[in-house]
Amino acid sequence: MRNFLIFFFLISFFSCSNDLVEKSNIKDDVSFLADDALEGRQTGTEGEKKAANYIAKRFKNLGLIAKGTTNFDQEFSFVPKTDPHSEVTFTKNEDGTITGRNVIGYINNNALNTIIIGAHYDHLGYGGDGSLYRDSIKAIHNGADDNASGTAVMLDLARKLKNKNTNNNYLFIAFSGEEMGLLGSNYFVKNPTINTKAVSYMINMDMVGRLKKDSALAVYGTGTSPMFKQVLKAHNNKFKLIENESGVGPSDHTSFYLADIPVLHFFTGQHEDYHKPGDDAEKLNYQGMEIISEYIFDIISDLDDNGKLAFRKTKNESESTPRFKVGLGVIPDYLFDGKGMRIDGVSEGRPAENGGLLKGDIVIQLGDSIVKDMMSYMRALSVFDKGDKTTVMVKRGNKEVRSVIEF
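Quick look at the structure, then. Given the structure is predicted, the values throughout are model-derived calculations rather than measurements.

**Some thoughts on the overall build of the protein**
Argument step 1. When helices and strands are counted, the protein shows ten helices and 16 strands.
Argument step 2. Its C-alpha atoms give the protein a radius of gyration of 22 Å, within 12% of the compact-globule value 22 Å for 407 residues.
Argument step 3. For the protein, the spread of C-alpha atoms along the principal axes amounts to about 85 × 50 × 45 Å.
Argument step 4. In the protein, which comprises 407 residues, the share counted as buried stands at 52%.

**Side note on unusual backbone geometry**
Argument step 1. Residue Asn147 is bonded to the preceding Asp146 through a cis peptide linkage, with omega at 0°.
Argument step 2. Within the element layout of this structure, Asn147 appears in helix H4 (residues 144-161).
Argument step 3. The backbone phi angle of Asp260 is positive, close to 65°, even though this residue is not glycine.
Argument step 4. With respect to the secondary-structure elements, Asp260 resides in the loop between helix H7 (253-257) and strand S10 (263-267).
Argument step 5. The class for Asp260 is partly exposed, based on a relative accessible area of 43%.

**Observations concerning the environment of Asp206**
Argument step 1. Position of Asp206 among the secondary structure elements: in the loop between strand S7 (199-205) and strand S8 (216-220).
Argument step 2. Among the residues examined, Asp206 registers a relative accessible area of 6% and is labelled buried.
Argument step 3. Residues Asp206 and Lys313 lie 107 residues apart in sequence; the distance between their C-alpha atoms is 22 Å.
Argument step 4. Those residues in contact with Asp206 that lie beyond four places of it in its chain are His120, Asp146, Asn147, Glu178, Pro250, Ser251, His265, Phe266 and Phe267.
Argument step 5. Here the side chain of Asp206 touches His120 through a polar contact of 3.3 Å, side chain to side chain.
Argument step 6. A polar contact is formed between the side chain of Asp206 and the side chain of Ser251, at a distance of 2.7 Å.

**Section: the packing of aromatic side chains**
Argument step 1. Across all of its chains, the model carries 14 aromatic pairs by this definition.
Argument step 2. Judged by centre distance (6.0 Å) and plane angle (25°), the ring pair of Phe76 and Phe78 falls under stacked. The exposure classification of Phe76 matches that of Phe78, with both residues buried.
Argument step 3. The side chain of Lys138 reaches across the aromatic face of Tyr126, ending 4.6 Å from its centre.
Argument step 4. Note that Lys313 overlies the ring of Tyr257, its terminal NZ or CZ placed 5.5 Å from the centroid.

Each value, and the rule that gives it
Residues numbered from 1 in each chain as written. Predicted model: local features only at pLDDT ≥ 70, side-chain atom pairs only at ≥ 80, totals over all residues. Heavy atoms only, no water. Helix = DSSP H or I, 4+ residues; strand = E, 2+ residues; numbered from the N terminus. Rg over C-alpha atoms; globule rule 2.2 N^0.38 Å. Buried < 20%, exposed > 50% of the residue type's maximum accessible area, 1.4 Å probe, protein only. Contact = heavy atoms within 4.5 Å. Polar contact = N/O pair within 3.5 Å; in protein donor to acceptor, adjacent residues only side chain to side chain. Phe/Tyr/Trp six-rings, centres within 6.5 Å; stacked < 30°, edge-to-face > 60°. Lys NZ or Arg CZ within 6 Å of the ring centre and 35° of its normal.

Right, dumping it as structure tokens:
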């Protein structure tokens, strides 16, 4: 009887341990990373270190091999930029430097090629330059969607890929310094801990936590390898896909694209809580995150026996983006694929709110310019200076509404 009880205990123990690997932990991961205790995970702070330690522990529990420069960590030090148009300087042991850390785990299947799966885990701390919060009272920016959501899905993919799709190795990287200018991914590409010549492609997830009712999912980088579009289409039966061919964008996949590595970047769109204290864990669509994780896993599975993917240069859309000196004070709906520019949020005290524009309005004309899409909206905005007045025409439901705004 005693031997039977010991046997039963051991079976129960290993079954519970196995459940930790077999079950999704997405909601718990977001809850930890977006808790007030981490104070917004700004690069170089104690909150960032706590987040890094948590991710390293999760990697270890999932059975990943440490692939940083010190265990799972890859530290990088830099001098903060004073000129927003200059490049950051990575340095060692100088006064005024900030030290961040990437967290890197590896699944070694002894394959020829490696797939990199990444997400940034840093955020804005109590605000700073990147914040859109205008209140004078200091507040923690928890960044549940930006980007605890991407980090949680990355960890879920590590769980799914352990002992699966073994024709490739997998390198999982939680980047820091993204909010300060893609610093962690930039540093890794320049100081890789594996042979990047053997990297087949890179997947990045940044803000995947707010899948909306229309199930719109943006995927950037679809033109960076000839294989991507057909695979994305083959496994899509749940999403309204918004595809963008360019490999350049405001997230960590850009660093890898610029190193001639094919990339895919997944994104569920901006919202009114973007870069504000309201980006909290209870507002995320966890079922949507589970579906996105499964979709990406299916894509990886389909490409498992395709060897090293061919890389293809794409048009760098950021080079043709107009520069402008004023803003309307709205959050555009980047996933809107109709005619015009749909407003997904209106900032307090800015020209749009002062002119009576509302969330959900679709801008169809700004001044003398017809607005057909995001690019034509930016071109129209680029001609105005501070103090200028103009009219804006929006579609509100079935009506067209004209307003006067002052920049």
